[in-house]
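Examining the three-dimensional arrangement
The residues making up each chain are set out below.
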Amino acid sequence: MLSTMLPKFPSKTTASRESDLKATDAEQAAENDAAQEPAQPAQMSGPVAKAPHAAAKFSQRAAPKAPSAEPAAKEDKPDQLKSQATPSTAMAQGPDERLPLTKARINLAREFIKLWELDEAQRILEAAEKEGPPHRDVFRLLGESYFMQERWRESLAAWYRTSSMTKRNDAKIISQIRRKVMRCNAQLALEELGKGDRVAAAEHMAQAVEAVDYSTYLKVRRDMVDPIVAYARDILETRNAAPRHVPDAPLNIILCLDVIKISAVHSHKHLYLSLAASLASLDPNITVTLVATYERQISWNAGFEDYYRPDNIAVLRNFIDEKVPEDLRDRISVRYFESFGVRGLINTCEQILNMQPDMILYGGGRTGYHANESLLVRHILHKYVPTGFFFVQSNNDVDELTDVIIARGPHPLNGDPQDALVRYSPYPPFPGLQAAVVPDSMKTMPQDRKRILTAWVGVRLDKTLHGYQDGEVDQILDLLGQLPEADWHLVGAEDPKNLLKDHKRFQEFRKRGRIIVHPVLNYDEFYHMASSAALFFQPPGFTGGGGGASIARNNSVPILCFEHSDVAPLQPEEFVFAEDLLGDGIEAALKILKSDTARDVLVQQQWALLEARRSEAPQKFYNTMIEGVARYKERRAQA
């Protein structure tokens, strides 16, 4: 029976684990040492020849290239190396005298590993281990070669030996060891679970999660996620978890996230609230619960950003009381869970199932610490409940463990949804946003200037502009050159002082006060800046900014943007430009800023589209959810 409980995950080669799964910068720094780490060959044989993982587009890393034809002299390299592998007959006796031979063996074994001659590398390393003296890199390379062959138990033992010979201040090696120990234990947990040994599986699972030092791994590494999912489902089914029988049109709906960002400068809570209120308004029998699982607590996290703190639930409830019409308020609720460790995660999943949802909609941000998605919960509960996915931002990684992916527009998807439905349905607009007071800083701003506003919170603004070519920045600056009465305000920079510091012309405009770079502003100050702007302009690559654009739109400010942006789905198509057509966007901006008639045409179209979205978007969005339920029923019938 146990084998039927396990999720049917395709087997994974080392290539699929390394190329399919996004590693963080920290892991790359630890594991990308060219002198130590082997390259993956294009084809494999022997114990590692397995089918690649089904979700083979998780990463943007390039797949290894097939080896090209080489001169005959190089084709004999393995044989040449093997001829060097026989130690001298004049074997040195003392450890100090044997050390040069050990180092020579290590270097030779490393070359064999690069060529994927793993058995030969292990023969050399095992001889070095037997004859001594002890050397850390002997065990490190043994651990790596066993890992490449998916000999998890032997690899784990070698990495533990490596750890015992590593100094505490050698952070790079310790980081690599930690990740290998984590991944070996996760795979051993999956093996033991397949054998029916839950005790051994629990032990390895605990050791795997104990080694996780950054919860991002549990959002992007399928070789960590899959064993946790298998283990959690096995435990849940001992508690009688089973796929739910649900109505064709879902009535009990959960909007599920890892964390719900509550902040005066982010619009996340407006998005969740607009979805909840719009769905509840469709049918008096529909209830919506906003759930924060806090699944990142499965591993140790040293603190939370203020906007992720669990006590923010009170702020969210007050926001609902303030914004939601009274006739809907009783059917929208909030629940926060604590998911400490694997046991806590499983308990959270069980409590969500006890809520008897007809469908769970999971929201996702970008991968990394600030990702909002409750990916582990989604993967675990996908077996039992209809699963939908919506985008907190316009771009996010997707995979096959969902029934329907609901995107705002035809944005490119990162990942492989396989059989999951992909539907494009504009989300219900944000509620109207209002400011309480006019800040003094806004009262003193010149009123005879035309303010061009670009806004995006945090490091994303800096990184995107720094990725521009000089000519692209100059195109935007040409707009200021043709409009001496216009200034460009950029809001949300992480490092305002150094934004495009090496772009001479950009800095000249800054010195003359024509470009003003702001950090993140408080809500009231930003509201008045956005509501009194002459143009809200989101350049190519600015995928966020939907909250700021909502303020501008509700105050009759014309908006220009480019494809693949949060802003685009609520803008008339003729004012949304292809990302490689910056010049067209600049030309439109010049026309709107020079002509009140052109400005009024765009503003009127914005209002008309906004009203159409408010009346049509909720039902269209709900219809995609109904399709997701049908897909769930199809896959359950095929199971």
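Residues numbered from 1 in each chain as written. Predicted model: local features only at pLDDT ≥ 70, side-chain atom pairs only at ≥ 80, totals over all residues. Heavy atoms only, no water.

This part is about the pattern of salt bridges. All told, the structure shown has 32 salt bridges when counted by the stated rule. Salt-bridge contacts for Arg136 lead to Asp170; the nearest nitrogen and oxygen are separated by 3.0 Å. Here the residue Arg136 occupies a position in helix H8 (residues 136–148), and Asp170 occupies one in the loop between helix H9 (152–164) and helix H10 (171–195), the gap between them amounting to 34 residues. Exposure remark for Asp170: the relative accessible area of 24% places this residue in the partly exposed category. Between Asp234 and Arg198 there is a salt bridge whose closest N-O contact spans 2.6 Å. Separated by 36 residues along the polypeptide, Asp234 in helix H13 (residues 222–238) and Arg198 in helix H11 (residues 198–210) bring together distant segments of the chain. Taking relative accessible area as the criterion, Asp234 reaches 0% and is therefore assigned buried. (Salt bridge = Lys/Arg side-chain N within 4 Å of Asp/Glu carboxyl O. Helix = DSSP H or I, 4+ residues; strand = E, 2+ residues; numbered from the N terminus. Buried < 20%, exposed > 50% of the residue type's maximum accessible area, 1.4 Å probe, protein only.)

Membership of the largest hydrophobic core comes to 90 residues, with the highest contact counts inside it found for Leu290, Leu361, Leu381, Phe390, Phe621 and Met625. The greatest single-element share of this core, amounting to 9 residues, is contributed by H13. The residues contacting Leu381, other than those within four sequence positions of it, are Cys349, Ile352, Leu353, Ile360 and Tyr362. Counting 38 residues, the second largest nonpolar core, distinct from the first, contains Ala534, Phe537, Phe575 and Leu593. (Core = buried A, V, L, I, M, F, W, Y, C linked by side-chain atoms within 4.5 Å. Contact = heavy atoms within 4.5 Å.)

As for its placement among the helices and strands, Arg408 is situated in the loop between strand S7 (404–407) and strand S8 (414–415). Assessed through its relative accessible area of 9%, Arg408 is described here as buried. Polar side-chain contacts of Arg408 include one of 3.3 Å to the backbone oxygen of Phe391. There is a polar contact of 3.5 Å between the side chain of Arg408 and the backbone oxygen of Val392. (Polar contact = N/O pair within 3.5 Å; in protein donor to acceptor, adjacent residues only side chain to side chain.)

What the 6 strands build is an open sheet, ordered S12-S11-S10-S13-S14-S15; its pairing is parallel. In this open sheet, the two edge strands, each paired with only one partner strand, are strand S12 (515–518) and strand S15 (576–577). In this sheet, strand S13 (residues 535–537) lies alongside strand S10 (residues 450–455) in parallel orientation, the contact comprising 2 bridges. For Leu453, the partnering residue across the bridge sits in S13 and is Phe536. (Pairing = 2+ DSSP bridges.)

Our next topic: the sheet that holds strand S1 (residues 252–257). One open sheet accounts for 7 strands, arranged S3-S2-S1-S4-S5-S7-S9; its pairing is parallel. The outermost strands of the open sheet, each flanked by one partner alone, are strand S3 (332–336) and strand S9 (421–424). If you compare each strand with its neighbour and ignore which way they point, the axes differ by 25° on average. (Axes fitted to C-alpha atoms, helices over the stretch in contact; angles between N-to-C directions.)

Applying the stated rule across the entire model yields 10 aromatic pairs. Where Phe390 meets Tyr427, the ring centres are 6.4 Å apart and the plane angle is 80°; that geometry is what we call edge-to-face. Here Tyr427 lies in the loop between S9 and helix H19 (440–443) and Phe390 lies in strand S5 (residues 387–391), a separation of 37 residues in the sequence. Each member of the pair Phe390 and Tyr427 is classed as buried. Taken together, a centroid distance of 6.4 Å and an interplanar angle of 80° make the contact between Trp488 and Phe506 edge-to-face. In this pair, Trp488 is assigned in strand S11 (residues 486–491) and Phe506 in helix H22 (residues 504–511), connecting sequence segments 18 residues apart. Of the aromatic side chains, those joined through ring pairs into one cluster are Tyr272, Phe390, Tyr427 and Phe621. One residue, Lys180, lies across the ring of Phe147, its end atom 4.1 Å from the ring centre. The ring of Phe509 has Arg512 sitting right over it, with the charged end atom 4.7 Å from the ring centre. (Phe/Tyr/Trp six-rings, centres within 6.5 Å; stacked < 30°, edge-to-face > 60°. Lys NZ or Arg CZ within 6 Å of the ring centre and 35° of its normal.)

This next bit is on the packing of H9 against H10. One can describe the packing of H9 onto H10 by two numbers: an axis separation of 9 Å at closest approach and a directional angle of 150°. By the angle class used here, H9 and H10 are roughly antiparallel. The interaxial crossing formed by H9 with H10 has left-handed handedness. Contacts from Trp152, Arg153, Ser155, Leu156, Trp159, Tyr160, Thr162 and Ser163 in H9 reach Gln176, Ile177, Lys180, Val181, Cys184, Asn185, Gln187, Leu188, Glu191 and Glu192 in H10. Residue composition of the contact of H9 with H10, by class: 8 nonpolar, 6 polar and 4 charged. (Parallel < 35°, antiparallel > 145°, perpendicular 65-115°, else oblique. Left-handed = near helix turned anticlockwise from the far one by under 90°. Nonpolar A, V, L, I, M, F, W, Y, C, P; charged D, E, K, R; others polar.)

Relative to each other, H11 and H13 sit at 135°, their axes nearing to 11 Å. Classified by the angle their axes make, H11 and H13 are oblique. Helix-helix and strand crossings are classified by hand; for H11 and H13 the assignment is left-handed. Across the interface between the two elements, Arg198, Ala201, Ala202, Met205, Ala208 and Val209 of H11 pack against Met224, Pro227, Ile228, Tyr231, Asp234 and Thr238 of H13. Considering only residue class, the contact of H11 with H13 consists of 9 nonpolar, 1 polar and 2 charged.

So, on to H8. With 13 residues, H8 should cover 18 Å at 1.5 Å per step; its first-to-last C-alpha distance of 19 Å lies within 8% of that length. The buried fraction of H8 is high, at 12 of 13 residues. The complete set of buried residues in H8 reads Asp137, Val138, Phe139, Arg140, Leu141, Leu142, Gly143, Glu144, Ser145, Tyr146, Phe147 and Met148. Of the residues flanking the end of H8, it is Glu150, one or two places downstream, whose phi is positive at about 60°. (Expected span 1.5 Å × (residues − 1).)

Confidence in the prediction of the chain, expressed as mean pLDDT, is 80, and 77% of residues score 70 or more. Residue range residues 87–92 is modelled with pLDDT below 50. Its contacts to residues more than four positions away, or to other chains, number 7 contacts. Predicted confidence for residues 432–436 stays below pLDDT 50, and this span has 16 contacts to residues more than four positions away or in other chains. (pLDDT = per-residue confidence, 0-100.)

Across the two faces of S7 the burial is the same, with Val404 and Ile406 and Ile405 and Ala407 all buried. As paired elements, S5 and S7 share 3 bridges and run parallel to each other. Bridging across to S7, Gly388 finds its partner in Val404.

Further remarks concern the environment of His379. Within the secondary structure, His379 sits in helix H18 (residues 375–381). The spatial distance from the C-alpha of His379 to the C-alpha of Leu401 is 6.1 Å, given a sequence separation of 22 residues. Not counting residues up to four positions away in its chain, the partners in contact with His379 are Arg222, Val225, Val229, Arg233, Asp399 and Leu401.

Judged by how many residues are buried, S1 sits mostly within the fold: 6 of 6 residues are covered. Of the two faces of S1, the one carrying Asn252, Ile254 and Cys256 and the one carrying Ile253, Leu255 and Leu257 are both buried. By the bridge criterion, 6 bridges tie S1 to strand S2 (residues 287–292) in an arrangement that is parallel. Pairing of Leu257 across the sheet is with Ala292, part of S2. Of the pairings in the sheet, the one linking S1 to strand S4 (residues 359–364) comprises 4 bridges and is parallel in character. From the neighbouring strand, Ile254 faces S4, where its bridge partner is Ile360.

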